[in-house]
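Residues per chain, in single letters:
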Amino acid sequence: MGAVFDNSAEEEDEQRCGGQVAKVEAEKWSWREMKLRAHGTETQRTIIREAHLLQLMAPLWRPCSSLPAISLPRSPAIDPRNRSSMADPLSVLLLARLSRGSLNSCPQQVQFLQRWENLDRFIPNRSAMDFDFAHYMLTERGKGKENQSVRSQSKEAYLKLLAETFNMNRSRILAFKNKPPTPVKLIPDEFYSSVHQSKPSKPLRRIPQMQQTPVRTLDAPDIIDDFCLNLMDWGSSNVLALALQNTVYLWDASNGSASELVTVDDENGSVTSVSWAADGQYIAIGLNSSDVQLWDSTANRLLRTLRGGHQSRVGSLDWKNHILTTGGMDGQIINNDVRAHSHIVATFRGHRQEVCGLKWSTSGQQLASGGNDNLLHIWDRSMASMHSRSQWLHRLEDHTAAVKALAWCPFQRNLLASGGGGSDGCIKFWNTHTGACLNSVDTGSQVCALLWNKNERELLSSHGFMQNQMTLWMYPSMVKIAELTGHTSRVLFMAQSPDGRIVATAAGDETLKFWNAFGTPEVKKAAPKAEHPGPFPHLRRIR
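By the naming in an unreviewed UniProt entry, the chain goes by CDC20/Fizzy WD40 domain-containing protein and is assigned to Vitis vinifera. Quoted verbatim from the Sequence similarities (unreviewed entry) field of the UniProt record, the comment on the chain reads "Belongs to the WD repeat CDC20/Fizzy family."

Dropping the structure here:
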């Protein structure tokens, strides 16, 4: 009817499985122990450890007086050369004890099992096993594979989702260790989420369709279609300067009037660059003859001519207070103090071909220069000298075409954006403090000019073939916000109005267009000031 319990049978089995095995193995292997530890294989060393373990366990398997005896079947023969056969008697004894729960009442045996769990013994742990899942794996899972060929795709997807939901994708049935306890959270999730709420990401600014077309178009006849020149600039007095062949025109954006500033004679050649000073009154004009002229726009008067610096045309200009920096086709960059009689105060040498772009940083500490030799240089004003030939701070060679488009970030210090020519087509972002390239975006076309939005984290780029478009990017994700099209030739020149809203573009199609690209900046409403309650808000005021 039931199992036969006999104390004498249990004693006999335990003596055989515990004491006899340990004694025989200890006597047989003790004399070879030192030799095998030094020269034996991993299997032989493991056998020695098991023999010692069995010898240590022999006193622990005497039956507790409060437990009934268990009749065990006779164990198979033990072959000391076979590692698995040495573990069989002990495994049978442990599994029998675990299945009856007879080890839970003997403290000495429970203490040993706690240490036994961390040893290299592959004994399943019943308390950590899922018997329902094991029964399903052994009996029901194979039935589904028989009809797998007639299942539909929707049925397969449903079964896969069901298995993932109920964690039925496991392949292991036996469990050898208990699962780690669930960590206790000191702060509940509800409280943590209410205190530390993440800031919502700012949505992309939507450009209305009417802002994606030019608000005004003017003619620009005979404009020179040359990538390395800089023929347009918008001054702080809201006057746009544009060079057409030998003539410089001024267009006043406040009233829409246009006037001629100067027409250069043929000896000095065509105008190759223009740049307004910070005050919006004085303008520098670079010429094909290597000279640079300074004009007073309000009086229409030539102030002085800078000579002797360059050997060929001056295609790029930029101001830093009273210092006018010029870049020429000879590869030289010269700092000119317009107040001094001897105007050349420093020379930067590093480019092997024409200097296409020049931009001083907002702080005036660093100068960026791009050349037709595919090089981008970062110069420090303190390192400039009259005779040194290699005083650049960083020499960046990542672009594979001419570098003309340069723009310093107005809201992040030491961040510079640069654009490469036709065979490059990339916009790269640089940390000018370390010289590291932070990001590179392939635009697919020639990058002619770059402008930062003064009010938002946005960047506008103008391009050449094939679409001749302007692209507005969200920084730093560089997601396209809008593309502005209208020119039929590459958009070589861009300038930004003093308030930062309007962008002027000039292209080889001999047109000058104005775009409301950046729009009207949002005016942030000031939060109402709360009345100060005073040092004792809980007390009434004494009259």
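We are not done yet, so read on.
Visitor: Would you mind going over the packing of aromatic side chains with me for this structure?
Guide: The description of an aromatic ring pair rests on the distance of the ring centres and on the angle between the ring planes. Summed over the entire model, instances satisfying the criterion amount to nine aromatic pairs. Ring centres of F411 and W452 lie 5.5 Å apart, and the angle between their planes is 90°; this geometry places the pair in the edge-to-face category. Placement of the pair is F411 in the loop between strand 18 (403-408) and strand 19 (415-420) and W452 in strand 22 (residues 447-452), with a sequence separation of 41 residues. Residue W452 is classed as buried on the basis of its relative accessible area, which comes to 4%. A connected cluster of aromatic rings, assembled from ring pairs, spans F411, F429, W452 and Y475. Over the ring of W392 we find R395, and its NZ or CZ is 4.7 Å from the ring centre. If you follow K404 out to its NZ or CZ, it ends over the ring of F227, 5.6 Å from the centre.

Visitor: I keep staring at the nonpolar core and nothing clicks. Help me out?
Guide: Generally speaking, soluble globular proteins have nonpolar side chains that are buried together. Membership of the largest hydrophobic core comes to 39 residues, with the highest contact counts inside it found for M232, L240 and I285. In terms of residues, this core owes the most to one element, strand 3 (residues 239-244), which gives six residues. Non-local contacts of L240, meaning those with residues more than four positions away in its chain, are made with M232, D233, W234, Y249, L250, W251, A495, A504, L512 and F514. With 15 residues, the next largest nonpolar core counts A405, V447, W452 and L459 among its residues.

Visitor: Explain the pairing of strand 20 (residues 426-431) here, please?
Guide: Note on strand geometry: in a regular strand, side chains alternate between the two faces of the sheet. With five of six residues buried, strand 20 lies mostly within the body of the structure. Sheet topology note: the strand 19/strand 20 ladder contains five bridges and is antiparallel. Across the sheet, S418 pairs through a bridge with K428, a residue of strand 20. Between strand 19 and strand 20, which pair antiparallel in sequence order, lie five residues; one of them, G425, sits at a positive phi of approximately 70°. As judged from the six bridges shared by strand 20 and strand 21 (residues 436-442), these two strands associate in the antiparallel manner. When the bridges of strand 21 are listed, N431 appears paired with A436. Between strand 20 and strand 21, which follow one another and run antiparallel, lie four residues, and G435 among them has a positive phi close to 85°.

Conventions and cut-offs
- Positions within a chain are numbered from 1, following the residues in the order the chain's sequence is written.
- Totals for whole chains, interfaces and linings use every residue, but because this is a predicted model, local features are given only for residues with pLDDT of at least 70 and side-chain atom pairs only at 80 or more, for both listing and counting.
- To obtain the side-chain values, all non-hydrogen atoms of the structure were included, while hydrogens and water were left out.
- UniProt positions are given in the numbering used here, feature names are shortened, and annotations may be inferred rather than shown by experiment.
- In summary, the pairing rule links any two rings of Phe, Tyr or Trp, Trp by its six-membered ring, whose centres are within 6.5 Å, and it sorts them by plane angle into stacked for under 30 degrees, edge-to-face for over 60 and tilted for everything else.
- Helix and strand definitions here come from DSSP, where helices need a minimum of 4 consecutive H or I residues and strands a minimum of 2 consecutive E residues; each element is numbered from the N-terminal end.
- Each residue's exposure class comes from its accessible area (1.4 Å probe, protein chains only) as a fraction of the maximum for that residue type: buried when under 20%, exposed when over 50%, partly exposed otherwise.
- The criterion for a charge sitting over a ring is simple: Lys NZ or Arg CZ within 6 Å of the ring centre, and within 35 degrees of the ring normal.
- Each nonpolar core is a collection of buried residues, namely Ala, Val, Leu, Ile, Met, Phe, Trp, Tyr and Cys, held together in the definition by side-chain atoms within 4.5 Å.
- We call two residues in contact when some of their heavy atoms are within 4.5 Å.
- Pairing between two strands requires that DSSP report at least two bridges joining them.

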